[in-house]
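# Working through the structure, step by step
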Amino acid sequence: MNALRNTIPMERQEKVGGGRKVQCRSCLWEVGREGEEGYRIELEKVETCVLGEFHEGVEGFKGRIVPYENPSSAPPTPLKPESKSTPALHAAKDIKQTPTLSLKQRVEMLENFIVVQNKRLEGLEKKSTLQDTSTFPAGEPTPPPPKKFIPKPFPYHHILEARCEALTNLGVGVCRVSLPDDYVSESLQNVEEADEESYTKGKWVVFVPSVIPGELVKCRVYRNYKGHSEADLLEVIERSENRVEPKCRIAGECGGCQYQHVDVGYQRVWKRQHVVELLTKIGGIDSSTAEATVKDTVGTDEVFHYRSKLTPHYDAPRDRSEIDVIGFQRKQIRQLIDVPECVIATKEINEALPGVRERVNQRLEMGELKKKKGATLLLRHADEGVVFDHNQYVTTTVKDIKFRFKAGNFFQNNPYMLPSMVNYVVGQAKGGIGENGDGDMTHLVDCYCGSGLFCLSASKDFEVCVGIEVNDKAVEEARENAALNGVENCEFVAASAEQIFYGGQVQTYPKDKTCVVIDPPRKGASEEFLEQLLKFGPKRIVYMSCGPDTQARDTKILLASGAYELREVVPFDLFPQTRHIESCAVFERVN
Ligand SMILES: C[S@@+](CC[C@H](N)C(=O)[O-])C[C@H]1O[C@@H](n2cnc3c(N)ncnc32)[C@H](O)[C@@H]1O
C-alpha cells in the first residue's frame, strides 16, 4: 500500500524516566520518547483516536513515522530505519521482538487504521451511522479473508457500531447489532428455525473484547458463526464511566488479563453477575433465587502485584540463536506474546523476571535447551524469596498456619486474599450460616485437599479432620505440614476423592455433625464423587471452586437430589484484572 501516509494517531502517553513514552494503545507502536537524543516527538492533538480504546476525556495525539514500501509483504528486515533516531527505529525494535505472523497482522492493522484515520482527518469520512461505517472506505482494499471465513452476515473486516450490553464469563463484551432488512429476509429463507431469532432485527450478537456494558463501540468483524459474529475493537465511541487506563502496556493483547480496562469495583460487580448467571443457566436455579443467594464479591485492596506464582512460556527455539518471546498466550490467537513484566505478579517476581529470561538464552547458547521443545518457566514467590526450581521446598504462612510445599506444586497464589477465603470456608464449615447456624460441626472431610490448606486451618475448630487428595506428593506435604504446626487431629489419604466414602473411617463420622469441604480443580467434581457424597449425606457441604460453571453444574446435581438446599454463594476476587472467579457455595442438608 504505497499510499500509506506518514501520520498515525498516538493516544497513549506514559511517564518514562525523565520523558514521555508515546505509543499507540492498540498496536503498541512506540513513536518514541521525548527527550531522547536526536529525536523530538512531533505531537499534534487529535480529537479521537481510531486505534485506541480511550478517546473521550483522554487526549489523542498523532506523531510522525517514516513511510515504508508495501509493508504487508515485507519481512522484518526491510523495515530497518534509515537513521538511528527515527520513530521507525522504535517501531522496528518492537517489531523485532514480535514473531512474523504478528508483524504481518500488526502492519496490516496499521495500514487499515491509517487509511481510516487519513480519511477521517481529511474530512472524507462521513458521520458515523451503521450504513456509512459498515464498509471500509471506498476504493481502499480490505485484506483477503482467511480461508474458512463465512461471509455472512458480514464481510471480512466489515466495520460496525455496536452497543455493549453485557460481558460473557470469559470477559468478552456482548454487543447487539441490527442486520439490514433485505439481509434478514434473505437469510431467514435459509436458516434453521432455531437460528431465526439471531437473524431477527436487533438480535444479532457480536462479541467484542475490551469493552464495557453500556459502551458504544466501533468494531471490525473477523469471524461469523451461525448465530453470532466476532469482532475486534477499533474505537470506543461512548465511554463507560467504569473505564480506566490499563496499567500494563500489553493489556489489550495479552491473554492473561481481560479486565484491566475496567475499574476493579465494576469487575467485581460483573464477577458476581457471572456467578448469578451461571447458577441460573447451568445450575437451573431461578434468577430471583440466584440473585438473593449470591453475595457481593469479596476482594482485597491488592489488585495489582498480588500473584505469587508466574509461569511464562517460550516456544521451541528451533534454529534461532535467541529466544526473544517469553510470556503468555495472546488474546484470540494461539501465539505467545512477550511479557517482560507482569503487573499482577508480585514486585519480587517482576524483579526476578529479567534474570530468568536472560538465563534461558544463556542455556540456549550453552546447548542446554532442546531446540525442538518450548517450555514453561516457574517463578514462585514465598518466604524464601523467588524460587525457580519446581522441586525446591518453599514456605508461606496463612493466618497462623505454616505451609511447606514444593514450589511447582499447587498452592493458592494470592496470599492477600487467602486469609479471608480461609476464614470464610472454616467459618461456614464449622458454624453454619447466620441465625440458622448452630456452630456445632465436629467432623470435617476436606476433599481435594492439596497440601492441607483448609483441613489444617480448620483443625482447631473440629474434633477430627480427614483430607483426601489424588497427588501423593501433596499428601506427603499435608502430613508434614500437620507435623510442622503440631496438628494431631488431621489425617490425610492419598486417593481419588470419592474413595473417602467407600467404607473406612469416614463412615463412622456422625453425619449430622460432619461438614464436607470440596475444592476440586476447574473441571469440577466427578459424577461418582457427587453420587457418593449424596449417599453419605453430611449435614453441610462447603464447595469452593475456581470453575463457577462446573460448580453450577454440580450444584444442579446436588439440588436435584432434593436432599440439599443452597444457602449462600460468595464469589472471591482471587485474581483481580482477570476474568477468573473463585466461588464458594454452601449447602445444607434439608432434613
Ligand atoms: C484447586 S486445588 C485445591 C487444593 C487445596 N484445597 C488448596 O486450596 O490448596 C485442587 C486439588 O485437587 C486435586 N485433585 C484433582 N483431582 C482429584 C481427585 N480426583 N481426587 C482428589 N484430588 C484431586 C489436585 O491435585 C489439587 O491439589
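All figures in this text were calculated on a predicted structure; none of them were measured in a lab. Here the residue numbering is sequential within each chain, running from 1 through the sequence in written order. Reporting of local features is limited, given that this is a predicted model, to residues whose pLDDT is at least 70; pairs of side-chain atoms are given and counted only at 80 or more, and all residues count toward the totals for whole chains, interfaces and linings. By convention in this description, side-chain values take in all heavy atoms of the structure and omit both hydrogens and water.

A few words on the site of the ligand. One heavy atom within 4 Å of a molecule or strand is enough for the residue carrying it to be called near that molecule or strand. Lining the immediate environment of the ligand, one finds 16 residues, of which Q412, Y448, E469, A497 and D519 sit closest. Contact distances for the ligand include 2.8 Å between a nitrogen atom and a backbone N or O atom of A497. D519 places a polar side-chain atom, nitrogen or oxygen, 2.9 Å from a nitrogen atom of the ligand. Residue exposure ignores everything except the shown protein chains as possible cover, and the areas themselves are Shrake-Rupley values with a 1.4 Å probe. Contact with the protein chains covers 86% of the free accessible surface of the ligand, which is 600 Å². As a working rule, the residues Ala, Val, Leu, Ile, Met, Phe, Trp, Tyr, Cys and Pro are called nonpolar, Asp, Glu, Lys and Arg charged, and the rest polar, with Gly in that last group. Split into classes, the residues belonging to the shell around the ligand amount to ten nonpolar, four polar and two charged. Here a polar contact is taken to be a pair of N or O atoms separated by no more than 3.5 Å, where protein atoms must pair a possible hydrogen donor with a possible acceptor and residues adjacent in sequence count only if both atoms sit in side chains.

The next point concerns the side chain of N413. Secondary structure elements are defined from DSSP: runs of H or I of at least 4 residues count as helices, runs of E of at least 2 residues count as strands, and each element is numbered from the N terminus. With respect to the helices, strands and loops of the structure, N413 is situated in the loop between β20 (401–406) and α9 (418–431). The buried label applies to any residue whose accessible area, calculated with a 1.4 Å probe on protein chains only, is under 20% of its type's maximum; exposed applies above 50%, and partly exposed to all values in between. What makes N413 buried here is its relative accessible area of 9%. Ignoring any residue separated from it by four or fewer positions in sequence, one finds N413 in contact with Y306, R307, S308, K309, R380 and F575. Contacts were defined at the residue level, with two residues in contact if any of their heavy atoms lie within 4.5 Å.

This part takes up the pairing of strand β8 (residues 173–177). Among the five residues in β8, four count as buried, and that is most of the element. Strand pairing is defined by DSSP finding a minimum of two bridges between the two strands. Here strand β7 (residues 159–167) pairs with β8 via four bridges, running antiparallel. Each residue of the ladder has a partner; that of R163, found in β8, is R176. Taken together, β7 and the strand that follows it, β8, pair antiparallel across an intervening segment of five residues, in which G171 is found at a positive phi of about 85°. Both β8 and strand β9 (residues 204–208) contribute to a ladder of five bridges, which runs antiparallel. Opposite R176, over in β9, you have V205 as the bridge partner.

Let us look at the UniProt feature "binding site: S-adenosyl-L-methionine" (unreviewed entry) in the protein. In the numbering used here, UniProt assigns the feature "binding site: S-adenosyl-L-methionine" (unreviewed entry) to Q412, Y448, E469 and D519. Following the sequence through the fold, E469 ends up in strand β22 (residues 464–469). In contact with E469, not counting residues within four places along its chain, are Y448, C449, G450, A474, V475, V493, A494 and A495. In this structure the side chain of E469 is engaged in a polar contact, spanning 2.9 Å, whose partner is the backbone nitrogen of N471. Residue placement: D519 occurs in the loop between β24 (514–518) and α12 (527–536). UniProt positions are given in the numbering used here, feature names are shortened, and annotations may be inferred rather than shown by experiment.

Any two cysteine sulfur atoms lying within 2.5 Å of each other are counted as a disulfide. Counted by the stated rule, this structure contains zero disulfides. Free of any disulfide, C248 has its nearest cysteine sulfur in C254, 6.4 Å distant. With no disulfide of its own, C257 has C342 as its nearest cysteine by sulfur position, at a separation of 6.1 Å. Its relative accessible area of 10% is what places C257 among the buried residues.

Right, let's talk about the side chain of D554 for a bit. Its location among the elements puts D554 in helix α13 (residues 548–560). In this structure D554 comes out as buried when scored by relative accessible area, which is 1%. There is a polar contact of 2.9 Å between the side chain of D554 and the side chain of R553. In this structure, D554 is in contact with G524, A525, L530 and Y543, ignoring residues within four places of it in sequence.

The five strands are arranged β7-β8-β9-β11-β10 in a closed barrel whose pairing can be described as mixed. On average, each strand axis in the sheet is inclined to that of its neighbour by 50°, with strand direction left out of account. Taken together, the three bridges between β9 and strand β11 (residues 228–238) define a ladder with parallel strand orientation. When the bridges of β11 are listed, F207 appears paired with E230. Lines fitted to C-alpha atoms define the axes, with helix axes restricted to the stretch in contact, and inter-axis angles between N-to-C directions lie between 0 and 180 degrees.

This part covers the UniProt feature "active site" (unreviewed entry) in the protein. As annotated by UniProt and renumbered to match this structure, "active site" (unreviewed entry) occupies C546. Structurally, the position occupied by C546 is in the loop between β25 (540–545) and α13. Ignoring anything within four residues of it in the chain, the contact list for C546 reads P520, P521, R522, I581 and E582.

Spatial ordering of the open sheet is given by β12-β17-β18, a layout of three strands whose pairing is antiparallel. Because the sheet does not close on itself, it has two edges, and the strands there are β12 (309–310) and β18 (385–387). As paired strands, strand β17 (residues 379–382) and β18 are joined by three bridges and run antiparallel to one another. Of the residues in β18, the one forming a bridge with A382 is G385. Across the sheet, helix α8 (residues 347–365) lies against β12, β17 and β18, angled at about 145° from β17, the strand it touches most.

By definition, a salt bridge exists where a carboxyl oxygen of Asp or Glu is found within 4 Å of a side-chain nitrogen of Lys or Arg. Counted according to the given criterion, the structure contains 17 salt bridges. Note that D440 is salt-bridged to K513, the shortest N-O span being 3.2 Å. Highlighted residues: D440 in the loop between α9 and β21 (443–447) and K513 in the loop between β23 (490–494) and β24, separated in sequence by 73 residues. Connected via shared salt-bridge partners are R268, K271 and D573.

Here the focus is unusual backbone geometry. A cis geometry characterises the amide bond from K152 onward to P153, with omega recorded as 5°. Within the secondary structure, P153 is located in the loop between α3 (130–133) and β7. Unlike most non-glycine residues, S210 shows phi in positive territory, near 60°. Along the polypeptide, S210 turns up in the loop between β9 and β10 (216–224). Looking at S210, the relative accessible area reads 9%, which means it is buried. The backbone phi angle of H305 is positive, close to 50°, even though this residue is not glycine.

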